[in-house]
Amino acid sequence: MSDSILSPMTQTALREVMAEIGPGHEVIEVGGWLGESALLLVGLGAIRVYSIDTWLGMPEMDDFSEMARCYEIFLERTAGKPIEPIRRDSVSGLWTLFKRGVDPVLIFIDGGHQYESAYADVHCAIRLFPKAQLVLDDRPANDRECERGYREAAEKFGRTLSGGDWVGRISP
């Protein structure tokens, strides 16, 4: 298993946004996978990271030999850190956190890569947390349908998707 699944562009984008925001805020991530992005966000000053994932994997990853252990690996890597796993699909997880009164300044979205998932993630995030910055992984360099979902959801709220070939951003 690779030690790093976050692209250098994604790591840079998260560092830049966290530097702008400053330390001491709550962050939500959609797509916790093995905990790498949550650990990075805590290291960059997030006071708490809520990591939403089913930990069931994705169709394109069914050859991953440790798929059944993803959640266990996440828990091992994040033990003792201010990281709370929310074991739900992305939309249900966002609603759960909204109902709990979580007030994130940043939502990092690296969930489902199909159009429908990408659209639903961004639409729900903007609707429930309109003041949050959104950082979006896996843009056109990786997946055009994912990019289209991100862009169309942002446009529905009159927002613009900006960024490079891999990582995007939607500001409030």
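Just above sits the structure.
An account of the accompanying structure is given in this report. Predicted, not measured: the structure shown is a model, and the values here were computed from it. (Residues numbered from 1 in each chain as written. Predicted model: local features only at pLDDT ≥ 70, side-chain atom pairs only at ≥ 80, totals over all residues. Heavy atoms only, no water.)

Across its full length, the protein carries six helices and seven strands. Helices and strands appear in the protein in the N-to-C order α-β-α-β-α-β-α-β-α-β-α-β-β. Residue burial in the protein is summarised as follows: out of 172 residues, 48% are buried. Sequence separation of 24 or more characterises 70% of the internal contacts of the protein that already satisfy a separation of 6 or more. Within the structure as shown, the protein displays about 8,200 Å² of accessible surface, and the carbon and sulfur contribution to it stands at 50%. (Helix = DSSP H or I, 4+ residues; strand = E, 2+ residues; numbered from the N terminus. Buried < 20%, exposed > 50% of the residue type's maximum accessible area, 1.4 Å probe, protein only. Contact = heavy atoms within 4.5 Å. Areas by Shrake-Rupley, 256 points an atom, 1.4 Å probe, with all protein chains shown as cover.)

This part is about the environment of Gly-163. Its location among the elements puts Gly-163 in strand 6 (residues 162-163). In the structure, Gly-163 is positioned 27 residues away from Leu-136 in sequence and 9.1 Å away in space, judged by C-alpha atoms.

Let us now look at helix 1 (residues 8-21). Each turn of an α-helix holds 3.6 residues, which means side chains three or four residues apart point in the same direction. Given a rise of 1.5 Å per residue, 14 residues ought to cover 20 Å, and the 20 Å separating the end C-alpha atoms of helix 1 matches this to within 8%. Listing the buried residues of helix 1 in full gives Thr-10, Gln-11, Ala-13, Leu-14, Val-17 and Met-18. What you see down the axis of helix 1 is that its buried residues fit within an arc of 160 degrees, all on one side. Exposed residues lying more than 90 degrees from the buried face of helix 1 are Pro-8, Ala-19 and Glu-20. Looking at the buried residues of helix 1, the elements they touch are strand 1 (26-30), helix 2 (36-43), strand 4 (106-109), strand 5 (133-136) and strand 7 (168-170). (Expected span 1.5 Å × (residues − 1). Arc of directions from axis to C-beta.)

Despite not being glycine, Trp-33 has its phi angle at roughly 45 degrees, a positive value. By the element assignment, Trp-33 lies in the loop between strand 1 and helix 2. Classification of Trp-33 by relative accessible area gives buried; the value is 12%. With a phi close to 55 degrees, Trp-55 is a non-glycine residue in the positive phi region. Relative to the assigned elements, Trp-55 resides in the loop between strand 2 (48-53) and helix 3 (70-78). Residue Trp-55 is classed as buried on the basis of its relative accessible area, which comes to 3%.

The next point concerns the nonpolar core. Ile-28, Leu-94, Ile-109, Val-122 and Leu-134 are the most contacted members of the largest nonpolar core, which totals 26 residues. Contributing elements (two or more residues each) for this core: strand 1, strand 2, helix 4 (90-99), strand 4, helix 5 (115-128), strand 5 and helix 6 (144-156). Broken down by element, this core gets its largest block of residues, six residues, from helix 5. Setting aside chain neighbours within four positions, we find Leu-134 in contact with Ile-107, Ile-109, Val-122, Ala-125, Ile-126, Gly-168, Arg-169 and Ile-170. Core analysis: the next-biggest nonpolar cluster, separate from the first, contains 23 residues, Leu-40, Cys-70, Ile-73 and Leu-106 among them. (Core = buried A, V, L, I, M, F, W, Y, C linked by side-chain atoms within 4.5 Å.)

Turning next to the pairing of strand 2. Taken across its six residues, strand 2 has five buried, putting it largely inside the fold. Bridge count between strand 1 and strand 2: five bridges; the pairing is parallel. By the bridge assignment, Ile-28 is partnered in strand 2 with Tyr-50. In this view, the connection linking strand 1 to its parallel neighbour strand 2 by way of helix 2 has right-handed handedness. Two strands pair when backbone bridges link them, and strand 2 and strand 3 (residues 83-87) are joined in this way by five bridges, in the parallel orientation. From the neighbouring strand, Asp-53 faces strand 3, where its bridge partner is Arg-87. (Pairing = 2+ DSSP bridges. Right-handed = clockwise from strand over helix to strand, strands pointing away.)

All we've got here are geometric facts, nothing functional implied.
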